[in-house]
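Letter by letter, the chains look like this.
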Amino acid sequence: MKPLETPFPIIRVEGDPYSCGVQHGEKARELVRRNVEYYVDLWGRNLGLSRERIAERGAELLKAIGDFSPDLLEELRGVAEGADVSLELLAAINGRYEVVWSEMRPQCTSLAVLPEASADGHTLLAQNWDYLLGVQDGCILLDVEEEGRPRILMHTEAGIIGQKGFNSEGLGLVVNALVSDGDHFEANPPFWIVCREMLRCSSISEAMKVFLNASRSVSYNVLLAQAGGFAVDLEATPLDVSILTPSEGLLAHTNHLIGPRALKVRDIFVKRYPDSVYRLYRAETALEAEWGEITMQTLMEILRDHYGKPHSICCHPDPREPEDFRGATLASIIIDLDERRMHITRGPPCQAEYREITLE
């Protein structure tokens, strides 16, 4: 049989949480080590954070992770042992969103399409995941079959046990970074750990409960959907959560606050990167124009949009940015939640081919 061609290595793990972590660490050992050192070096060069200080923050996060999800703490222990890396440093990169919340430079665009708006009556979820160029070579597809839980397929960074993806119950999520003037570092469950706990759920209501009851000190956004026809956007700040529901079966989000409960804080990200505003407008109007006829191909074309390039939906490096903080679309992801299949690129979708991957 011809090996499956995938844009990123697939790391398959199964068993109890600790065993899943050990397998992850062993199978992706060099990539996990690479990612730990990448962030330690990046934060040291640009933020003056020493290795010791990063480990201290990781240690603070470990207790919060254990209180939030003992299973995921055990999985992290397994990854650290399997890859032979410091558990504290591993916790820090799983909490990288919180550790350097003030230095975020992402530009993600997320979309959801419900059955009434799609051509085949399926629920679709999509995202351009835009992040630092130096991260791409450390990314994997993590396939987790944990005992007693839905099987999960997610795109993440080796060593980070939660990001965007879907599970065997047709539940999926994609993410957007947000920054408000209320954000600060505090030892709360990291964003990526919250995302993973949501993907361990069987229903969208369970996943929403996880999100809504998680404590946080930073802002972030999750667009959540499940096969059968429901989606919800959860836009969180340290003070509150705005719950946004679809309009005529469509929902989109970028990187600025749009929810009614965001008025208690000031949006910092949009001041730095106002392109978020036109990316949201472009995505919404393109979806509306194809209402009732939206397919995977429709979403691929929307995600290739270059209005405002390089700060477009299909994001490209900006040479005016410091080299360490130049970003691009590292992965473009479209998920058919009814059929449990993902189309994904490695790099901007204008340049890279979408590859189909299923739980089979």
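See the structure shown above.
Reference entry: report on the structure contained in this document. Small disclaimer: the values here were computed from a predicted structure and weren't measured.

**What to know about the overall build of the protein**
Counting secondary structure elements, the protein contains 11 helices and 14 strands. In terms of C-alpha radius of gyration, the protein reaches 19 Å, essentially the compact-globule figure of 21 Å for 360 residues. Judged by the C-alpha coordinates and their principal axes, the protein covers about 50 × 50 × 40 Å. Buried positions account for 62% of the 360 residues belonging to the protein. With an accessible surface of roughly 13400 Å², the protein has 48% of that area assigned to carbon and sulfur atoms. Across the protein, the 36 positively charged side chains and the 56 negatively charged ones have centroids separated by 4 Å.

**Some points on the pairing of strand E7 (residues 171-177)**
With 7 of its 7 residues buried, E7 lies for the most part within the structure. Pairing analysis gives 2 bridges linking strand E6 (residues 164-167) to E7, with the strands arranged antiparallel. Bridged to glycine 165 within E7 is leucine 173. Counting the residues in the hairpin turn of E6 and E7 gives 3 residues, including glycine 170, whose phi is positive at 75°.

**Describing the layout of surface pockets**
Of the volumes computed, that of the largest pocket is approximately 200 Å³. As for the largest pocket, its lining consists of Thr245, Pro246, Ser247, Glu248, Leu250, Leu251, Ala252, Glu284, Leu287, Glu288 and Trp291. At the level of secondary structure, the elements contributing two or more residues to the lining of the largest pocket comprise strand E11 (250-253) and helix H10 (275-289). Broken down by class, the residue content of the lining of the largest pocket amounts to 6 nonpolar, 2 polar and 3 charged.

**Remarks on the packing of helix H3 (residues 51-68) against helix H4 (residues 70-83)**
Here H3 crosses H4 at 130°, and the two axes come no closer than 5 Å. Viewed along their axes, H3 and H4 adopt a mutual orientation that is oblique. For the pair formed by H3 and H4, the contact residues are Leu62, Ile65, Gly66 and Phe68 on the first element and Pro70, Leu72, Leu73 and Leu76 on the second. Residue classes in the contact of H3 with H4 are distributed as 7 nonpolar, 1 polar and no charged.

**Considerations on the packing of aromatic side chains**
Per the stated rule, a full pass over the model turns up 11 aromatic pairs. Measuring from ring centre to ring centre gives 5.1 Å for tyrosine 38 and tyrosine 39, while their planes differ by 80°; the resulting arrangement is edge-to-face. Seen in terms of ring centroids, tyrosine 97 and tryptophan 192 are 6.4 Å apart; in terms of plane orientation they differ by 80°. Their pairing is edge-to-face. Taken together, the residues span a long stretch of sequence, with tyrosine 97 in helix H6 (residues 96-99) and tryptophan 192 in helix H7 (residues 191-199) at a distance of 95 residues.

**Thoughts on the sheet that holds E11**
Strand order in the open sheet formed by 6 strands is E11-E2-E3-E12-E13-E14, and the pairing between neighbours is antiparallel. Edge positions in the sheet fall to E11 and strand E14 (355-358), since each of these pairs with one other strand and no more. Sheet twist, expressed as the average angle between the axes of neighbouring strands with direction ignored, equals 15°. Across 4 bridges, strand E12 (residues 327-336) lies against strand E13 (residues 341-344) in antiparallel orientation. When the bridges of E13 are listed, isoleucine 335 appears paired with methionine 342. Across the face of the sheet, helix H11 (residues 296-303) comes into contact with strand E2 (109-113), strand E3 (124-132), E12 and E13 while running at roughly 165° to E12.

**Considering the nonpolar core**
Counting 95 residues, the largest nonpolar core has Trp43, Val135, Met198, Phe211, Val222 and Leu224 as the members making the most contacts within it. With 19 residues, the next largest nonpolar core counts Ala126, Ala252, Leu280 and Met296 among its residues.

**Overview of the side chain of aspartate 233**
Its place among the elements puts aspartate 233 in strand E9 (residues 230-236). At 12 Å, arginine 216 is the nearest oppositely charged side chain to aspartate 233, a buried residue that forms no salt bridge. Polar side-chain contacts of aspartate 233 include one of 2.8 Å to the side chain of asparagine 221. Sequence-distant contacts of aspartate 233, that is, excluding residues within four places in its chain, are made with Asn221, Val222, Leu223, Ser242, Ile243, Leu244, Leu251 and His253.

**Looking at the sheet that holds strand E4 (residues 139-146)**
If you walk across this open sheet you meet the 8 strands as E1-E4-E5-E6-E7-E8-E9-E10, and the pairing is mixed. Each edge of the open sheet is held by one strand with a lone partner, namely strand E1 (10-15) and strand E10 (241-244). Across the sheet, the mean angle separating the axes of adjacent strands is 20° when strand polarity is ignored. Note: strand E5 (residues 152-157) against E6, 4 bridges, orientation antiparallel. Across the sheet, the residue bridging to methionine 154 is glycine 165, located in E6.

**Observations concerning H7**
Structurally, the α-helix is built with 3.6 residues per turn, so residues lying three or four positions apart point the same way. Among the 9 residues in H7, 9 count as buried, and that is most of the element. Looking only at H7, the buried set comprises Phe191, Trp192, Ile193, Val194, Cys195, Arg196, Glu197, Met198 and Leu199.

Thresholds, definitions, all that
Residues numbered from 1 in each chain as written. Predicted model: local features only at pLDDT ≥ 70, side-chain atom pairs only at ≥ 80, totals over all residues. Heavy atoms only, no water. Helix = DSSP H or I, 4+ residues; strand = E, 2+ residues; numbered from the N terminus. Rg over C-alpha atoms; globule rule 2.2 N^0.38 Å. Buried < 20%, exposed > 50% of the residue type's maximum accessible area, 1.4 Å probe, protein only. Areas by Shrake-Rupley, 256 points an atom, 1.4 Å probe, with all protein chains shown as cover. Lys, Arg positive; Asp, Glu negative; His and termini not counted. Charge placed at Lys NZ, Arg CZ, Asp CG, Glu CD. Pairing = 2+ DSSP bridges. 1 Å grid on protein atoms, 1.4 Å probe; cavity = no way out; pocket = protein on both sides within 12 Å on 5 of 7 lines; lining within 4 Å. Points joined across faces, edges and corners; volume = space filled by probe spheres on them. Nonpolar A, V, L, I, M, F, W, Y, C, P; charged D, E, K, R; others polar. Axes fitted to C-alpha atoms, helices over the stretch in contact; angles between N-to-C directions. Parallel < 35°, antiparallel > 145°, perpendicular 65-115°, else oblique. Contact = heavy atoms within 4.5 Å. Phe/Tyr/Trp six-rings, centres within 6.5 Å; stacked < 30°, edge-to-face > 60°. Core = buried A, V, L, I, M, F, W, Y, C linked by side-chain atoms within 4.5 Å. Salt bridge = Lys/Arg side-chain N within 4 Å of Asp/Glu carboxyl O. Polar contact = N/O pair within 3.5 Å; in protein donor to acceptor, adjacent residues only side chain to side chain.

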